[in-house]
Amino acid sequence: MAGRGRLDRRSVLVAAGGLAVAGIGVPIGLAATNDGPPPPPRGRRPVSMAMHLHASFSEGVASYAAHLDQARRNGVDVLWWTDHDFRVAAHDHRRVVHFDGPEEREGGLAWTWQPATEGRLTASAADFVDAPDAPDGPGRALRLTAAGSGTLWYAGKAWNWTHTSNISDTTLHLDVRPEAAGRDATLTVELALSHHPAGPGRPAGQLVLRYRLGGVDTVRHTVDGRHGTVELPAPPGAWRRHTFDLLADVRRLWPDLVAGDNSLRGLRLGVTAAGGGRGAYLVDRLVFDRARRAGQAGEELRAEVLRGYDGVYPGVTHHRAYEVSMVRHLNWFGGDGTLPRFPSPPYRDNDVDATERMVEFLHAHGGVVCWNHPLDTERRESLARLLVSRNALGVDLIEIGRRPVEDHLWAYDVAARNAIPLTAVGVTDDHDGTDWRAGRDRNVTSVWAASTGRDDLVAALRAGQAWFADLTGYRGALDLELGGRSAMGALAVLAEDTVTVRLRATDLPAGATLETVTGEVDRAGVADPTPAVRVGQVPWRQLRQGWYDLPVRVGAGTYVRTQVRDRDGEIVGASNPLWLLRTPPPAGIPPSRRF
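A short tour of the structure in this document, coming up. (Residues numbered from 1 in each chain as written. Predicted model: local features only at pLDDT ≥ 70, side-chain atom pairs only at ≥ 80, totals over all residues. Heavy atoms only, no water.)

Brief notes about the overall build of the protein
Argument step 1. Along the backbone of the protein there are nine helices and 33 strands.
Argument step 2. For the protein, the C-alpha atoms occupy an extent of roughly 90 × 50 × 50 Å along the three principal directions.
Argument step 3. For the protein, the share of sequence-separated contacts (at least 6 apart) that also reach a separation of at least 24 residues comes to 75%.
Argument step 4. Accessible surface for the protein amounts to roughly 23,600 Å². Of this, 48% is attributable to carbon and sulfur atoms. (Helix = DSSP H or I, 4+ residues; strand = E, 2+ residues; numbered from the N terminus. Contact = heavy atoms within 4.5 Å. Areas by Shrake-Rupley, 256 points an atom, 1.4 Å probe, with all protein chains shown as cover.)

In structure tokens form, the structure reads like this:
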């Protein structure tokens, strides 16, 4: 035991194959096993899914291509595109910047500028001036000057990234008046786009599109790996409105890409001086022209972009979904995809009643609804009370496979104790697309489904035929069987005092343990919003051929679920429960969960 000092209680129980009951180790008997691997449930197979992803219609750097590439690398079958609904519609996103000062507001939402320098400048200045103003004033303009060898940058950002949006329908307009211009004195409008996998002559990474004004007589396009430049004439001494067609220029610079799969992630203006010279430019009236976002059009535009990947990543299926964002965040899978109404300004409302009304709206439009990151506004104790007192706000699914997973499972077990049939899912909630395995949350959800079709997957989620697992810790399959039939997620009403539940768990890593979590279903409600569970351990060497028979006393009502701990004691996978009841819950048993 060098380096440990002592043998902890968990190690004793795991080594003994014991069952922890009120702090006492009680041996578990192992059932006899048959030869051969366990057969899959009839007509179904395990399908792994990344259920919470943000790409170029959200605020992060990820492209759809980046996530599709990650799915291929990590052996994930299905992706659900859960872009924020109000961002898909570009609702209350920035429309114009007037350059009236370092901060200005539109619809009550701020735009701010931050200066920075690079290189070796001998002088630089950024001044908001009253004159000369652009013809479409009134207001001020911004004069940027730089001398020496380097660049003065002015980076802009809207409140809550509401300048960030997919470029598919976006044209920028900017009024520019060069005062000191030439080959060694230029103005750059730099746009940071989305992260993409490597392509011809291009390493993996975030694309950067630059419009360089001044010093040329004709338009020129050049590309250097991930950096593309469009050089534009800018005659000195007069205001001129420049129009930047982002989609057309990305197509020309990187013809191998789905050009529309890019977000206008970052924007900055810079005056560059070289060779000790001086550059000076006036800029005014930056317009974001998004032509196709009214009403439901944003979702139609997203569908158009995604069609560019039809057949490009064989073996990876992807479906459109939403993260509904103006209440406590909800993921919506299936249904007709109707966008809800958005408040102006787009402030999130965490009111419980507002979230329940949104769940009702989403149910009325079909599909299933997931409560996302439930501990962002609650502690585990308050979440448990809310799950019980408000019937989980009416949702069908809840994100449990995310950090801290022990706290999420604690609250989930309170709901299970009260026979509230929620499907626990795991997520990555990834906005970058660079490396799923390096993220804070790296769980995928798997279901037993007949196909990777949307309706089959939604049906499996609705029925609780699901488990989640850490991408780096466990990639096997979990299930619970009763009477020879798959029963994970079901609510079974039984007359027997004791039944045998077959636990299926394949491909446990060396040193891992399958834990059995058996909980009372006494419907204690808010009078006792805590779990009432017993935890047993089945070491991986004793899971012969991937299954184990567990005798369970039904009592007044109980439930069983499993979870996988790795050799370091971390939970890296968990099944959904099977409920064994004497009588149906007061609200009845949903048809999808009847056994």
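Observations regarding the sheet that holds strand S21 (residues 423-426)
Argument step 1. The strand order S17-S18-S19-S20-S21 describes an open sheet built from five strands, whose pairing is mixed. A strand with exactly one partner marks an edge of an open sheet, and here the two such strands are strand S17 (322-324) and S21. Looking at each pair of strands side by side, their axes are set apart by 35° on average, direction ignored.
Argument step 2. Pairing of strand S18 (residues 330-333) with strand S19 (residues 368-371) involves four bridges; the strand directions are antiparallel. Looking across to S19, one finds that Leu330 is bridged to Trp371. (Pairing = 2+ DSSP bridges. Axes fitted to C-alpha atoms, helices over the stretch in contact; angles between N-to-C directions.)

Some remarks on the nonpolar core
Argument step 1. Judged by nonpolar contacts, the single largest core of 71 residues is most densely connected at Leu79, Leu330, Leu387 and Leu422.
Argument step 2. For this core, the leading source of residues is helix H8 (residues 405-417), giving eight residues.
Argument step 3. Contact partners of Leu330, with chain neighbours within four places excluded, come to Tyr322, Glu323, Val324, Thr355, Met358, Val359, Leu362, Val369, Cys370, Trp371, Asn372 and Val395.
Argument step 4. Of all hydrophobic cores here, the second largest spans 42 residues; its members include Leu142, Ala146, Phe244 and Ala259. (Core = buried A, V, L, I, M, F, W, Y, C linked by side-chain atoms within 4.5 Å. Buried < 20%, exposed > 50% of the residue type's maximum accessible area, 1.4 Å probe, protein only.)

Quick word on the pairing of strand S8 (residues 141-158)
Side-chain positions along a regular strand alternate between the two faces of the sheet.
Argument step 1. Across the 18 residues that make up S8, a large majority, 14, are buried.
Argument step 2. Across 18 bridges, strand S7 (residues 109-129) lies against S8 in antiparallel orientation. Bridge assignment links Pro115 to a residue of S8, and that residue is Tyr154.

Concerning the packing of helix H7 (residues 380-389) against H8
Argument step 1. At a minimum axis distance of 9 Å, the contact between H7 and H8 shows a crossing angle of 25°. Judged on the interaxial angle alone, H8 and H7 are roughly parallel. Judged by the sense of rotation from one axis to the other, the crossing of H7 with H8 is right-handed. Every residue of H8 that contacts H7 at Arg380, Glu381, Leu383, Ala384, Leu387 and Val388 is listed here: Asp407, Trp410, Ala411, Val414 and Ala415. (Parallel < 35°, antiparallel > 145°, perpendicular 65-115°, else oblique. Left-handed = near helix turned anticlockwise from the far one by under 90°.)

Side note on the side chain of His195
Argument step 1. Locating His195 in the fold gives a position in strand S10 (residues 185-196).
Argument step 2. With relative accessibility at 13%, the residue His195 sits in the buried group.
Argument step 3. Discounting residues that sit within four places of it in the chain, His195 has contacts with Val61, Ala62, Ser63, Ala66, Ala204, Gly205, Gln206, Asp432, Gly433 and Thr434.

Side note on the sheet that holds strand S30 (residues 547-553)
Adjacent strands of a sheet pair through backbone hydrogen bonds, lying either parallel or antiparallel.
Argument step 1. Across the sheet, which stays open at both edges, the four strands sit in the order S25-S24-S27-S30 with antiparallel pairing between neighbours. Edge positions in the sheet fall to strand S25 (485-486) and S30, since each has one partner strand and no second.

Looking at the environment of Ala294
Argument step 1. Here Ala294 lies in the loop between strand S15 (266-290) and helix H5 (297-306).
Argument step 2. For Ala294, a relative accessible area of 66% corresponds to the exposed category.
Argument step 3. Taking the C-alpha atoms as reference points, Ala294 and Arg278, separated by 16 residues in sequence, lie 44 Å from one another.

Concerning the pattern of salt bridges
Argument step 1. Counting across every chain of the model gives 38 salt bridges.
Argument step 2. For Arg440, the salt bridge is made with Asp441, and the minimal N-O distance between the two is 3.7 Å.
Argument step 3. Look at Asp441 and you get buried, because its relative accessible area is 6%.
Argument step 4. Salt-bridge contacts for Arg442 lead to Asp470; the nearest nitrogen and oxygen are separated by 3.0 Å. With Arg442 in the loop between S21 and strand S22 (443-449) and Asp470 in strand S23 (residues 466-470), this residue pair connects regions lying 28 residues apart in the sequence.
Argument step 5. Each of Glu399, Arg402, Asp429, Arg440 and Asp441 takes part in one network of salt bridges that share partners. (Salt bridge = Lys/Arg side-chain N within 4 Å of Asp/Glu carboxyl O.)

Observations regarding unusual backbone geometry
Argument step 1. That bond from Ala131 to Pro132 is cis: its omega, -5°, falls within 30 degrees of zero.
Argument step 2. Along the polypeptide, Pro132 turns up in the loop between S7 and S8.
Argument step 3. Going from Arg403 to Pro404, the amide bond is cis rather than trans, its omega being -10°.
Argument step 4. If you trace the backbone, Pro404 turns up in the loop between strand S20 (397-401) and H8.
Argument step 5. Phi is positive for Trp161, close to 60°, though the residue is something other than glycine.

Observations concerning the pairing of strand S32 (residues 571-575)
Argument step 1. Summarising burial for S32: five of the five residues are buried, a large majority.
Argument step 2. The sheet contact formed by S23 and S32 spans three bridges and is antiparallel. In the sheet register, Ala469 faces S32, and the bridge partner there is Gly573.
Argument step 3. Hairpin connection between strand S31 (residues 557-565) and S32: a loop of five residues separates the two successive antiparallel strands, and Gly569 in this loop has a positive phi of roughly 85°.

A few points about the packing of aromatic side chains
Argument step 1. What the rule picks out here adds up to 13 aromatic pairs.
Argument step 2. Consider the rings of Trp111 and Trp113, whose centres lie 5.5 Å apart with planes at 70°: the pair is edge-to-face. Trp113 matches Trp111 in its accessibility class, with the two residues each being buried.
Argument step 3. For the pair Tyr211 and Phe244, a centre-to-centre distance of 4.4 Å together with 25° between the ring planes defines the contact as stacked. Within this pair, whereas Tyr211 is found in strand S11 (residues 205-213), its partner Phe244 is found in strand S14 (residues 240-245), the two being separated by 33 residues in sequence.
Argument step 4. A relative accessible area of 1% means that Tyr211 is categorised as buried.
Argument step 5. Here the aromatic cluster, defined as three or more aromatic residues joined through ring pairs, consists of Phe99, Trp111, Trp113, Phe128, Tyr154 and Phe288.
Argument step 6. Positioned over the ring face of Trp161 is Lys157, at 4.5 Å from the centre of the ring.
Argument step 7. Above the face of the Trp161 ring, Arg265 is positioned so that its terminal group lies 3.9 Å from the ring centre. (Phe/Tyr/Trp six-rings, centres within 6.5 Å; stacked < 30°, edge-to-face > 60°. Lys NZ or Arg CZ within 6 Å of the ring centre and 35° of its normal.)

In short, the description is geometric, and any link to function would need to be established separately.
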